[in-house]
Amino acid sequence: TSCESSNTNPNCALDWTYQSGLCKGEVQSFPDASFHYLLVIFALLLVGLLTVPIYWGSNASKELFDNFYYIWAKLKNGDEECKDVEWKRRMHFVLDQLKSGKTLSTRYAIYHGLALVLDLVALVVVGLFTLNFTDLGLDPLGVASTSGGKCAADGFTCAIPNRDLFKWFGVLTCFVLLVKAIINLKCLLFSLGLPGLFGRNFLIYADNLKDNSDKSIYNIQTNPIMVLLQTLLVVLKLIFIAPIQWLLAFCRFYARKHDSPKEIIKRLSATNIRAEQKETKKVEKEAKALETAVNGDDAAVKNGDAAAKNGDAKKEKPKEKEEKKPKEAEEKKEEKKEEPKSTPLVARPAQNWSDLFFIIDILSYNIDQCDLILFMTKINPVPGLENKKVNVDISYLDTSNNTMVVSHTDAGVIESLLDTELATEGGLQIVGWLEGPTGIMWSQRTKDSPKNLAFAVSLGSTYELVSAVYGRGRMLARLQNFTFQCPQDTKKQIKKYGNNVPLSAFISQSLFQKFSSEGVTA
């Protein structure tokens, strides 16, 4: 007979499988029995979150990224289509949608917020279960077995062979969940739009962009406290106010309130209304003046004072003039009061959470930040690096060793932003050479400025400067070629300017010689 059917057999005391089955229910704790089920449940929840199209896989997110990539590829490759006026208009419509929309930031924050909550819950629960498998005797939840590993009236002492395996598996799971929670927290902080923090560096650059009238192109909130307060208000509105608004909208839709036709109100032009008001007031004043004049004449005739009235007419003329002056002053005051007030405009909302800067900051992890900064010059009225030219007033010829030092003009805010981005790598660099009678002459760096180019030239020769702007070892912009001719005799220039003769001095001289020679041949 087996021990399951009759447990009175003495041999059952030696059957360890039977005895372990009896003690399993007494010795085994709740974590021992359900730890693997717990891990499977959390794994399904975390994997299931990936399948929900909140951010990843959403058609709205995909459409916004596709629109940006289309514009980015066209402008970067310099397609001929970009010169079309209608294409530029469509581009600005798409960019305006990206600037004003907050779809990506909202969806990104919701997705990583849910993931962070799940990670923290799983980390806490798995950590508490793992403590039960250690020898520290810690049991915050009170789920450990109270038998102390003994059963059958302390007749047997039981040990779980997989307890150490559960412990190290729990430690590894806690480590993975901790790393995952840190990543989700960083992604959630990224969506907050704090300029210069958590990967949102481009917001700092966008805040410095100004148009030709020295006005900021974008409205970026740089105060982190204000950014956090605005984010908190949006979250509270999403939790408490948005559900009520959705419920009211549903009730309005269900009650068919939208079917009632609305009365179309035709509003006259403000200028026409003002003109009509002035005209009516003018007619009223003339009517009152006529009434007062008629009433005065009738009274004079009735009292027999017609002669006296004719005699005193000259005396009343200056009085009438004096009366007209205060009337004119009153009319001017009324006109000033009636001047239309300027239409109040809605303040520009902060663009920290716009889809445009969200995409650009994400691309900055894979694309050079310099390319992204230069991209802003193609979609905004900001001068680019290609506008840099040779500064003939600062460039000079060192007559002591016949060295030409070439300096370029400043490109404005874009150059300063690129210098900031490349501050740890030497900033922007100008690379170029001179093409002259002896061939190509490579430049040397000057100690004064890394952007200046120095060449050993021969007097009386004509040279053409070929240059470009480099950053991180890559060409960022090609500059226009510049041709100049060195003078054969520099004695006059030395007397006037000293040893460092500015480039503008002998450029004007060479132009004068060119025009004079053309006049002689003519």
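Residues numbered from 1 in each chain as written. Predicted model: local features only at pLDDT ≥ 70, side-chain atom pairs only at ≥ 80, totals over all residues. Heavy atoms only, no water.

Colleague: Can you walk me through the environment of Leu-479 in this structure?
Modeller: Looking at the secondary structure, you find Leu-479 in the loop between β10 (474-478) and β11 (482-485). Relative accessible area serves as the criterion here: at 3%, Leu-479 is assigned to the buried category. In this structure, the C-alpha to C-alpha distance between Leu-479 and Leu-465, residues 14 residues apart in sequence, is 9.6 Å. With residues near it in sequence (within four places) discarded, Leu-479 still touches Leu-385, Glu-386, Lys-388, His-408, Ile-430, Ser-467, Ala-468 and Val-469. (Helix = DSSP H or I, 4+ residues; strand = E, 2+ residues; numbered from the N terminus. Buried < 20%, exposed > 50% of the residue type's maximum accessible area, 1.4 Å probe, protein only. Contact = heavy atoms within 4.5 Å.)

Colleague: Just to check I follow, could you spell out a nonpolar patch on the surface for this structure?
Modeller: Judged by side-chain polarity, Ile-110, Leu-114, Leu-232, Leu-233, Val-235, Leu-236, Leu-238, Ile-239, Phe-240, Ile-241 and Trp-246 come together as a nonpolar surface patch covering roughly 1100 Å² of accessible area. Breaking the nonpolar patch down by element, the ones donating at least two residues are α5 (103-133) and α8 (224-254). If you tally residues by element for the nonpolar patch, the top one is α8, at 9 residues. Looking at the element boundaries, Leu-233 is found in helix α8. Its relative accessible area of 57% is what places Leu-233 among the exposed residues. (Patch = residues over 30% accessible without salt bridge, like charges linked within 9 Å, V, L, I, M, F, W, Y side chains within 5 Å. Areas by Shrake-Rupley, 256 points an atom, 1.4 Å probe, with all protein chains shown as cover. Salt bridge = Lys/Arg side-chain N within 4 Å of Asp/Glu carboxyl O.)

Colleague: Would you explain the packing of aromatic side chains in this entry?
Modeller: How two aromatic rings sit relative to each other is given by the distance of their centres and the angle of their planes. Applying the stated criterion to the full structure yields 19 aromatic pairs. Here Phe-190 and Phe-358 contribute two aromatic rings whose centre-to-centre distance is 5.6 Å and whose plane-to-plane angle is 70°, an arrangement assigned as edge-to-face. Taken together, the residues Phe-190 in helix α6 (residues 163-190) and Phe-358 in helix α12 (residues 355-363) connect sequence positions 168 residues apart. Comparing Phe-190 with Phe-358, the two get one shared label, buried. A network of ring pairs unites the aromatic residues Tyr-55, Trp-56, Tyr-108, Phe-190 and Phe-358 as a single cluster. The side chain of Arg-200 reaches across the aromatic face of Phe-190, ending 4.7 Å from its centre. (Phe/Tyr/Trp six-rings, centres within 6.5 Å; stacked < 30°, edge-to-face > 60°. Lys NZ or Arg CZ within 6 Å of the ring centre and 35° of its normal.)

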